[in-house]
Amino acid sequence: AQTVTQSQPEMSVQEAETVTLSCTYDTSESDYYLFWYKQPPSRQMILVIRQEAYKQQNATENRFSVNFQKAAKSFSLKISDSQLGDAAMYFCAYRSAQASGTYKYIFGTGTRLKVLA
Amino acid sequence: SQTIHQWPATLVQPVGSPLSLECTVEGTSNPNLYWYRQAAGRGLQLLFYSVGIGQISSEVPQNLSASRPQDRQFILSSKKLLLSDSGFYLCALRPGSLYNEKLFFGSGTQLSVL
C-alpha cells in the first residue's frame, strides 16, 4: 500500500523569505500523481500544485515550486517570497495513475506553516 | 466548473444517535466521490470512495457507512455515533472527464459527538 510521510509537523518562515516543506512517499508503482494542498484557517482545501510522475520537469505555479526526486521518492514544496496569506496547513498527496490502480488519494499528516511578520 | 454542496457546516450529536451527511455535486458527470475525516489538528483519513452509482469502497472498518444512490449524491451514515466519530468531514470529487486528476473539496462538516 502507498504511504505519504510529512516529517515536519510545523514550520515557520519570515515574511518575504523562502521555505521548503518536505514530503516523502512509498510506492511500487511507476506512474502516479503528486499534489500539494493548502488548508487555511477557513478549512477549505485548495490545490496548490500538481506533478505527474512521468514528467521530469518540476512543476511551478507562481511563487510555488516543487523539487520532485522520483528515485528518492521525495516531493518537496518551495514557497518563495512568503506572504502572510500563505499561513496554513499544507498536505502532500499521492494518487496512482496506472490503469490497474485505484482512485484513492492518499494524504500525509500535514505541515502547519506559520508566517512571521 | 464543478461545485460541491456539503451541509450542515456544524453538527452536534449525542452518542448513540444516528447520522446522515449528504454531499451533492454539480458541473460534472460520472465523478469519483470521496469522504475524508480530519481529526483535530491531524491529517486526512480516507473513509470511503465511489467510482459510480451503488459502488462503494470502504477504507476503514468502523460504524460508518456510505451510499451513492445517484450519480451526483454521496451520503455518509451511521446508525449509532461514537465519541470517536467526532471530526471534520470532507466530501471531495474527482471530475469524470478524462485526464483530470485534480481532487476538489467541499467546505466540510464539523461533527461533535457528545
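Since we're looking at a predicted model, the values are computed, not measured. (Residues numbered from 1 in each chain as written. Chains lettered and ligands numbered in written order. Predicted model: local features only at pLDDT ≥ 70, side-chain atom pairs only at ≥ 80, totals over all residues. Heavy atoms only, no water.)

Caption draft 1: Representation of the sheet that holds strand β1 (residues 3-7) of chain B. Residues and elements named next belong to chain B. Strand order in the open sheet made by the four strands is β1-β3-β8-β7, with antiparallel pairing throughout. The two strands at the open ends of the sheet, each matched to only one other strand, are β1 and β7 (64-70). Across the sheet, the mean angle from the axis of one strand to that of its neighbour is 20°, orientation sign disregarded. Relative to strand β8 (residues 73-78), β7 runs antiparallel, the two sharing five bridges. Counted as the bridge partner of Leu64 is Ser78 from β8. (Pairing = 2+ DSSP bridges. Helix = DSSP H or I, 4+ residues; strand = E, 2+ residues; numbered from the N terminus. Axes fitted to C-alpha atoms, helices over the stretch in contact; angles between N-to-C directions.)

Caption draft 2: Local environment of the state of the cysteines. Scanning the model with the defined rule gives two disulfides over all chains in all. One disulfide in the model links Cys23 of chain A with Cys92 of chain A; its S-S distance is 2.0 Å. When the S-S torsion is -70°, as for the bridge of Cys23 of chain A with Cys92 of chain A, the disulfide is left-handed. Taken together, the positions of Cys23 of chain A in the loop between β3 (19-21) and β4 (24-26) and Cys92 of chain A in strand β10 (residues 88-96) put the pair 69 residues apart, joining distant regions of the chain. A sulfur-sulfur separation of 1.9 Å characterises the disulfide bridge that pairs Cys23 of chain B with Cys91 of chain B. The disulfide joining Cys23 of chain B to Cys91 of chain B has a torsion of about -70° about its S-S bond and is therefore left-handed. On the criterion of sequence distance, the pair formed by Cys23 of chain B in strand β3 (residues 19-26) and Cys91 of chain B in strand β9 (residues 87-94) is long-range, its members being 68 residues apart. The exposure classification of Cys23 of chain B matches that of Cys91 of chain B, with both residues buried. (Disulfide = S-S within 2.5 Å. Buried < 20%, exposed > 50% of the residue type's maximum accessible area, 1.4 Å probe, protein only.)

Caption draft 3: Summary view of the interface of chain B and chain A. Every contact between the two is made by 23 residues of chain B and, on the other side, 19 residues of chain A. When the buried area of chain B at its contact with chain A is split by residue, Leu44, Glu101 and Phe105 of chain B rank highest and sum to 30% of it. At the boundary of chain B and chain A, one finds two salt bridges. Note that Lys104 of chain A and Glu59 of chain B form a salt bridge whose closest N and O atoms lie 3.2 Å from each other. Linking chain B with chain A are 10 residue pairs in polar contact (both at pLDDT 80 or more). Secondary-structure elements contributing two or more residues to the side of chain B that touches chain A are β4 (32-38), β5 (44-52) and β9 of chain B. Classifying every residue of the side of chain B that touches chain A by side-chain character gives 11 nonpolar, seven polar and five charged. (Contact = heavy atoms within 4.5 Å. Buried area = accessible area lost by both parts, 1.4 Å probe. Salt bridge = Lys/Arg side-chain N within 4 Å of Asp/Glu carboxyl O. Polar contact = N/O pair within 3.5 Å; in protein donor to acceptor, adjacent residues only side chain to side chain. Nonpolar A, V, L, I, M, F, W, Y, C, P; charged D, E, K, R; others polar.)

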